[in-house]
Amino acid sequence: QVQLVESGGGLVQAGGSLGLSCAASGRIFSDYAMGWFRQAPGKDREFVAAITWSGGRTYYGDSVKGRFTIFRDNAKKTVSLQMNSLKPEDTAVYYCVADLPPITAATMKWQKEHDYWGQGTQVTVSS
């Protein structure tokens, strides 16, 4: 079993920055591809970013490319999302996700089901 706990959400003005963190507990963290998804009220869940188990490759949704950065620390069992140049349309609940093989960081964005989810953290960007 793996537990994921997100932190770092909050209220920020458009153009500002915010960092999210996800702490994992349980089995070997480095086995997992990790990612972030988000869901705004009335909208479908959206892929935000994913990172391979080694941290060597990252993937981003089109709407956040160039503004968001995902990184992980396997020793600390954390995955983080640095969000810059935030826009009101980034407002959503952000979820940390973990997947074992055969799901990879490259394929995570197409998966409807994931091995583990965090409880979510609210990010609100005011205009």
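Residues numbered from 1 in each chain as written. Predicted model: local features only at pLDDT ≥ 70, side-chain atom pairs only at ≥ 80, totals over all residues. Heavy atoms only, no water.

Novice: Before we move on, could you go through the overall build of the protein chain and cite the residues and values that matter?
Specialist: Secondary structure summary: the protein chain contains zero helices and eleven strands in total. The secondary structure elements of the protein chain, listed N-terminal to C-terminal, are β-β-β-β-β-β-β-β-β-β-β. Expected size for 127 residues packed as a compact globule is a radius of gyration near 14 Å; at 13 Å, the protein chain falls within 12% of this value. Seen along its three principal axes, the alpha-carbon backbone of the protein chain occupies a region of about 40 × 25 × 25 Å. Classification of the 127 residues of the protein chain by burial places 43% in the buried group. Sequence-distant contacts, at least 24 apart, represent 60% of the contacts inside the protein chain between residues at least 6 apart. If you sum the accessible surface of the protein chain, you get close to 6500 Å²; carbon and sulfur atoms cover 51% of it. With 13 positive and 11 negative side-chain charges, the protein chain shows a separation of 4 Å between the mean positions of the two kinds. (Helix = DSSP H or I, 4+ residues; strand = E, 2+ residues; numbered from the N terminus. Rg over C-alpha atoms; globule rule 2.2 N^0.38 Å. Buried < 20%, exposed > 50% of the residue type's maximum accessible area, 1.4 Å probe, protein only. Contact = heavy atoms within 4.5 Å. Areas by Shrake-Rupley, 256 points an atom, 1.4 Å probe, with all protein chains shown as cover. Lys, Arg positive; Asp, Glu negative; His and termini not counted. Charge placed at Lys NZ, Arg CZ, Asp CG, Glu CD.)

Novice: Hey, could you go over the packing of aromatic side chains for me, with residue numbers and the actual values?
Specialist: Any pair of aromatic rings gets described here by the distance separating the centres and the angle formed by the planes. Applying the stated criterion across every chain yields a total of four aromatic pairs. Aromatic side chains Phe 37 and Trp 117 sit 5.9 Å apart centroid to centroid with 55 degrees between the ring planes, which places their arrangement in the tilted category. Note that Phe 37 is positioned in strand S4 (residues 33–39) and Trp 117 in strand S10 (residues 116–117), a separation of 80 residues in sequence. With centroids separated by 5.8 Å and ring planes inclined at 85 degrees, the aromatic side chains of Tyr 95 and Trp 117 adopt a geometry described as edge-to-face. Here Tyr 95 is found in strand S9 (residues 92–99), whereas its partner Trp 117 is found in strand S10, with 22 residues between them in sequence. Under the relative-accessibility criterion, Tyr 95 is labelled partly exposed at 21%. Accessibility expressed as a relative area gives 31% for Trp 117, which makes it partly exposed. These aromatic residues form a ring-pair network of at least three members: Phe 37, Phe 47, Tyr 95 and Trp 117. (Phe/Tyr/Trp six-rings, centres within 6.5 Å; stacked < 30°, edge-to-face > 60°.)

Novice: Give me the lowdown on the pattern of salt bridges, citing residues and values where you can.
Specialist: With the rule as written, the count across this model stands at four salt bridges. A salt bridge links Glu 46 to Arg 38, with the nearest nitrogen and oxygen atoms 2.8 Å apart. Here Arg 38 falls in the buried class, since its relative accessible area comes to 5%. Put simply, Asp 90 and Arg 67 hold a salt bridge, and the shortest N to O gap is 2.8 Å. Linking Asp 90 in the loop between strand S8 (78–83) and S9 with Arg 67 in the loop between strand S6 (58–60) and strand S7 (68–73), this pair joins segments that are 23 residues apart in sequence. Like Arg 67, Asp 90 is buried. Because the salt bridges share partners, they merge into one network encompassing Arg 38, Glu 46, Arg 67 and Asp 90. (Salt bridge = Lys/Arg side-chain N within 4 Å of Asp/Glu carboxyl O.)

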